[in-house]
Amino acid sequence: MNRATILRWLFRLVFVLACLFVFILLVVLPVGASFLITNSHFQFRERGPKTPEAVGLSVTPLEFMSQDGIPLRGWWSAGESSKPVIIFVHGLNRSRLELLERGADASRRGYGVLLFDLRNHGESGRAYTTIGIFESRDVCAASQVVKDRAGNRSQILWGVSMGASSAILAAKQCPGFSAIISDSSFLSFRDTVSHHLSLIFRLPAFPIANLIIAITGYRVGFDPDAGDVEAAVRSIDTPILFIAGAADRRMPPALAERMLNETPSSPKELLVVPGAGHGEAFSTNRAAYLTSVYSFLDRVRHNSGPSRRLGGS
């Protein structure tokens, strides 16, 4: 085999490998990532209590339907009729157990409590996971359950990570909540995909993240911009306490600070907990976390205080 023939075969091999690389990068990876976002049934093993009885919380099991027909399961505790009801919304790959201890603490303070599993999580029905877009429908359905059971008692949303994003999106979709506790919320569906692609795989947002977002929106049938939490914050007048972990690389405090400053005329506050990673502010400093939450809710009830940053300890 002469030198020219060898070079031709080497060129063809390089060309084929280059085409294969481009195909994997621009087709296989975006499609695979899209399915991973929407179809994964992975769930973290919760490290805390596994039953309401373990934390002294008396509940009634309930099942209700989301606005698009997905069956949802949860626990209801009525609390004192003079106190608001808190709807707890867990994070991605979690379940209602993630917020069980917080729910029990709220119950001891007299609040009504609704803990439930979002679609495609825990014991609720299988569906696409959309990082808050369709999950906001679940939150609105939970709000309707509270209205059916507790009448006109005020409602508070308390979410972590995807649950916080879902809560804020729901406040725009079905307004009327008296306050939101937003712990480690995402900025938007688009930002979440782009940021995690860079953080985990060290890959650029363009064009891979754009392809993942477009493919997912097409497959599942939603507008990715419907998951813009930052825009929802600008459009609602609900008091919000943003909570962030100082060591959170996924959703760093600067993002929460950015949302805090979106609407300075409405009551919004920020708590940054030193040393806490993503969604770990409660486990890192439970006392400071709970004191800040209920102090905020007391201030909201008395309609006092502009937007501000709280000190963590």
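We now turn to the structure provided with this report. (Residues numbered from 1 in each chain as written. Predicted model: local features only at pLDDT ≥ 70, side-chain atom pairs only at ≥ 80, totals over all residues. Heavy atoms only, no water.)

## A short note on the environment of His41
Stated formally: Secondary structure follows DSSP: runs of H or I at least 4 residues long count as helices, runs of E at least 2 residues long count as strands, and numbering of each begins at the N terminus. Remark: exposure states derive from per-residue accessible area (1.4 Å probe, protein chains only) relative to the maximum for the residue type, with buried under 20%, exposed over 50%, and partly exposed in between. Any pair of residues with heavy atoms lying within 4.5 Å of one another is described as a contacting pair.
Checked against the element boundaries, His41 lands in the loop between helix H1 (3-39) and strand S1 (60-65). Residue His41 is classed as partly exposed on the basis of its relative accessible area of 48%. When the C-alpha positions of His41 and Arg126 are compared, they lie 8.7 Å apart, and in sequence the two are 85 residues distant. If we skip the residues at most four places from it in the chain, His41 touches Asn120 and Arg126.

## Details of empty space enclosed by the protein
A water-sized probe, rolled over the atoms, reveals where empty space remains. Put simply, the test is: Only protein atoms enter the 1 Å grid, on which a cavity is a set of points fitting a 1.4 Å probe that cannot get out and a pocket is an open set with protein on both sides within 12 Å along at least 5 of 7 lines, lining residues being those with an atom within 4 Å of a point. Grid points are joined across faces, edges and corners, and a volume is the space filled by probe spheres set on the points. Residue type decides the class: Asp, Glu, Lys and Arg count as charged, Ala, Val, Leu, Ile, Met, Phe, Trp, Tyr, Cys and Pro as nonpolar, and the leftover types, Gly among them, as polar.
For the structure shown, the criterion picks out one cavity of 30 Å³ or more. Volume-wise, the largest cavity comes out at about 50 Å³. For the largest cavity, the full set of lining residues is Ser184, Ser185, Phe242, Ile243, Ala244, Met251, Pro252, Leu255, Ala256 and Met259. Contributing elements (two or more residues each) for the lining of the largest cavity: strand S7 (240-245) and helix H8 (253-260). Grouping the amino acids of the lining of the largest cavity by side-chain chemistry returns eight nonpolar, two polar and no charged.

## As for the pattern of salt bridges
What counts, and what does not: Each reported salt bridge corresponds to a side-chain nitrogen of Lys or Arg within 4 Å of a carboxyl oxygen of Asp or Glu.
For the structure shown, the criterion picks out 15 salt bridges. Residues Arg73 and Glu63 are paired through a salt bridge, measuring 3.5 Å at the closest nitrogen-oxygen approach. Of this pair, Arg73 sits in strand S2 (residues 71-77) while Glu63 sits in strand S1, and the two are 10 residues apart along the sequence. Taking the shortest distance from any N to any O, the salt bridge between Asp68 and Arg119 comes out at 2.7 Å. Note that Asp68 is positioned in the loop between S1 and S2 and Arg119 in the loop between strand S4 (112-116) and helix H3 (135-150), a separation of 51 residues in sequence. Relative accessible area serves as the criterion here: at 34%, Asp68 is assigned to the partly exposed category. Judged by its relative accessible area of 1%, Arg119 falls in the buried class. Through salt bridges with shared partners, one network takes in Asp68, Arg119, Arg137 and Asp138.

Remember that the coordinates give geometry; whether it matters functionally is a separate question.
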